[in-house]
Each structure stands twice: as structure tokens, then as C-alpha cells.
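Secondary and tertiary structure notes
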Amino acid sequence: IYHFNASLEPCMSNRPGKEKEIMANESRAATYNDTPDLKVIFDDGQTVHVHSQILLLSSTVFRKMLSSEMQESLNKEIRLPGKSRAEFVALMEFLQPLSTMSLTAETARCLGMWSEEYEIDALKSKSEDYFINFAQMNRDILLFALTYNFSKLTKTCLDYMFENLGACIDQLDVITTDPYWMQLYWPKLCAAANVDMDCPEPQHLAAMWPMVASAVCLQEKAAEAAKVAEAEKAAEAAKAAEASKRASDGMILFRGRKEGGLQFGLSWLTALRIRLFKEVKLPSSSARVVRVRPVPH
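Below or above, wherever it landed, is the structure these notes cover. Quantities reported herein were computed from a predicted structural model and do not represent experimental measurements. Note on numbering: residues in each chain are counted from 1, in written sequence order. Predicted model: local features are reported for residues with pLDDT of at least 70 only, side-chain atom pairs are reported and counted for 80 or more only, and whole-chain, interface and lining totals are derived from all residues. Derived side-chain values reflect all non-hydrogen atoms in the structure, with water molecules and hydrogen atoms excluded from consideration.

Here we take up the environment of Asp178. Positionally, Asp178 belongs in the loop between α11 (165–168) and α12 (179–193). Spatially, the C-alpha atom of Asp178 lies 9.7 Å from that of Thr147, the residues being 31 residues apart in sequence. Pairs of N or O atoms within 3.5 Å make up the polar contacts considered here, provided that, within protein, one atom can donate a hydrogen while the other can accept it, and that residues adjacent in sequence are counted only when both atoms are side-chain atoms. Looking at Asp178, its side chain comes within polar contact range of the main-chain nitrogen of Tyr180, at 3.2 Å. Only DSSP runs of H or I with at least four residues qualify as helices, and only runs of E with at least two residues qualify as strands; both kinds are numbered from the N terminus onward.

Written as C-alpha cells, this is what we have:
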């Protein structure tokens, strides 16, 4: 190491301004420490001291606030009006390096809102994945996904609802406020309602929705009634086939018993005849005497 540094020393000394650059780097390095350098102030006067670098690296919005000549950057403090201190503390816990924080339904919703407003992509992705994997898809989740631009969650929720359209049609009114998703899923609605029409203009969607929902409900009821009728028909056909099979099996059994009984009767009579006439003796006189051995009962 000594020889390596010694070999570089002449080269470094020959570069103009190199000594000033080294001194400047050493000065900046001396200012690095683990003391929080940013104060976050909330409406109720509460404060939290955090490391500004964590916010700079995680959020586009915070990066703009702290990397420019804005007042927040100069004063080393930022104000978050309308925000909760507890929510911000949870946010910072998630953003810590090597954080193992696990989400719940409450924290996923809360941090998901923060991730959209402050453009924290990693947090937004994790919140979205939580709802996709663990939440029951319903109107509340769909409204949350639409409000905070969770596109993957929105699609997952809509796909589930359209697969269960009869039970979920009343919850789909929220997409009337979003022309993009309504345009995307309008063909499926038309197919379910058995109609062929173009998607209405956005300003007319909310007014037309009750009619569309009613048409879908009627088609779902008709389809359900057809399924019930088909199932009943299949059940009747199965019963008739079973009855026919039983009748056929009964005839075969009766015929077998009849034939078997006749054969048994003939065999019994033959045996009886053999026993009755087994011993026949003719005496010396002219009269015939037949001795019959009693047949046991």
C-alpha cells in the first residue's frame, strides 16, 4: 500500500487543482454523520426528525422539494399540511434500508395513498400487491384503486367482478366516472346485457348506468333460469334411465329365477322317481310284490 501511494504521489502533485479537490472531498466527508438533518412539521405542531437522503432517494416529490432552492431545502425543514404524524412515521419505517415491515389492510391503504401523492414507486407496488393477494375484490377496493391510480389492482378487481357479474353488477357503478376503464370493459357489459351499442360519451355514462345494470340483471336471471331448467331436465332424464335400468334388471332376475326353479323341480322329481323305484323284487309266485322304501322327508 505504501509503495502504491508513493507511486501515485508524483502524478497527483502534477495535476493542477488536485489538492483543492482532495481537500473539498475531505471537508464534505467530515460532515457525514448519522444525525437526522431534516425536520418535518405537521399541522398540530408535532415534529419528526429524519434523514433527508432517505426521502431524496425514495420520492420524486421530496427530491424536488429538497434538491432545489426551495425554502424547504434552505431551512432543512418541511411542512406537511393535512398529514398525520403517525402515518409519516409508518412511511419512514417502510423506507428504512433493509426494512422488514409487513403490511396490514390499514397500513397498505394508508401508505398506498402516500405513495401516489409523493410518487414512491416501491411502496406503491408493495401496497398494490398486498391488496391483490389478500383483499376481497369489491366496490370499496375498486374505488380505492381508481382514486389512487393502482392500474394493476383496478384490472384485477374488474376481472373478478366481471367473472361474477350477477353478484357484482351493482358495485360497478364506480367505473362510470373513469372513461378509460369503461371504454375497455364496455364490450363485456354489452355481451352480458345481450345488446350491441357503442360506449356512450363520458357525460352520459352515469345517467345510462341504471338501464345497463338492469339489462345485465335480466340476462343473468334468464341465464340462471335456463340453467335450472336444463338441470331439472337432466335430472328427470337420469331418473327415467335409472328406472328403465331397474326394470330391465328385474326382468333378467325374474327370468333367471323362473328357469332355475323349473330346473330344480325337474331334478327333484327325477331323484324321487329313482328312489321310489329303486328296489323292485319279483317273488317266485305269480303275484308281483313291489317293496317301496320310504322316502325321508
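Let us look at the side chain of Thr176. Among the secondary structure elements, Thr176 is positioned in the loop between α11 and α12. A polar atom in the side chain of Thr176 sits 2.6 Å from the backbone oxygen of Asp173. Note on contacts: a residue pair qualifies if any of its non-hydrogen atoms lie within 4.5 Å across the two residues. Sequence-distant contacts of Thr176, that is, excluding residues within four places in its chain, are made with Met182, Pro202, Leu205, Ala206 and Trp209.

We now examine the pairing of strand β2 (residues 47–50). Relative accessibility decides the category of a residue: with a 1.4 Å probe and only protein chains considered, values under 20% of the type maximum give buried, values over 50% give exposed, and everything between is partly exposed. Only one face of β2 is buried, namely the one carrying Val48 and Val50, since none of Thr47 and His49 on the opposite face is buried. Both strand β1 (residues 38–41) and β2 contribute to a ladder of four bridges, which runs antiparallel. Within β2, the residue paired with Leu38 across the bridge is Val50. Once β1 ends, the chain turns through five residues before running back antiparallel as β2, passing Gly45 with a positive phi of about 90°. At least two bridges found by DSSP between two strands is the condition for calling them paired.

Bringing the nonpolar core into the picture now. Take the buried residues of types Ala, Val, Leu, Ile, Met, Phe, Trp, Tyr and Cys, join any two whose side-chain atoms come within 4.5 Å, and each joined set is a nonpolar core. Counting residues in each nonpolar core, the largest one holds 62 residues, and the members touching the most others are Leu55, Leu80, Phe88, Leu111, Leu142 and Leu172. Ranked by residues supplied to this core, first place goes to α12 with eight residues. Apart from residues no more than four positions distant in its own chain, Leu111 is found in contact with Glu87, Ala90, Leu91, Phe94, Met101, Leu103, Leu123 and Ser127.

Salt bridges are identified by distance alone: a Lys or Arg side-chain nitrogen within 4 Å of an Asp or Glu carboxyl oxygen. Throughout the structure, instances matching the rule amount to seven salt bridges. Among the salt bridges present, the one from Glu116 reaches Lys124, with a minimum N-O distance of 2.5 Å. In this structure Glu116 comes out as partly exposed when scored by relative accessible area, which is 25%. Since its relative accessible area comes to 18%, Lys124 is described here as buried. Across the pair Asp159 and Lys155 runs a salt bridge, and its minimum N-O distance is 2.9 Å. Placement of the pair is Asp159 and Lys155 together in helix α10 (residues 151–163), with a separation of four residues, close to one helical turn. Owing to a relative accessible area of 23%, Asp159 belongs among the partly exposed residues under this scheme.

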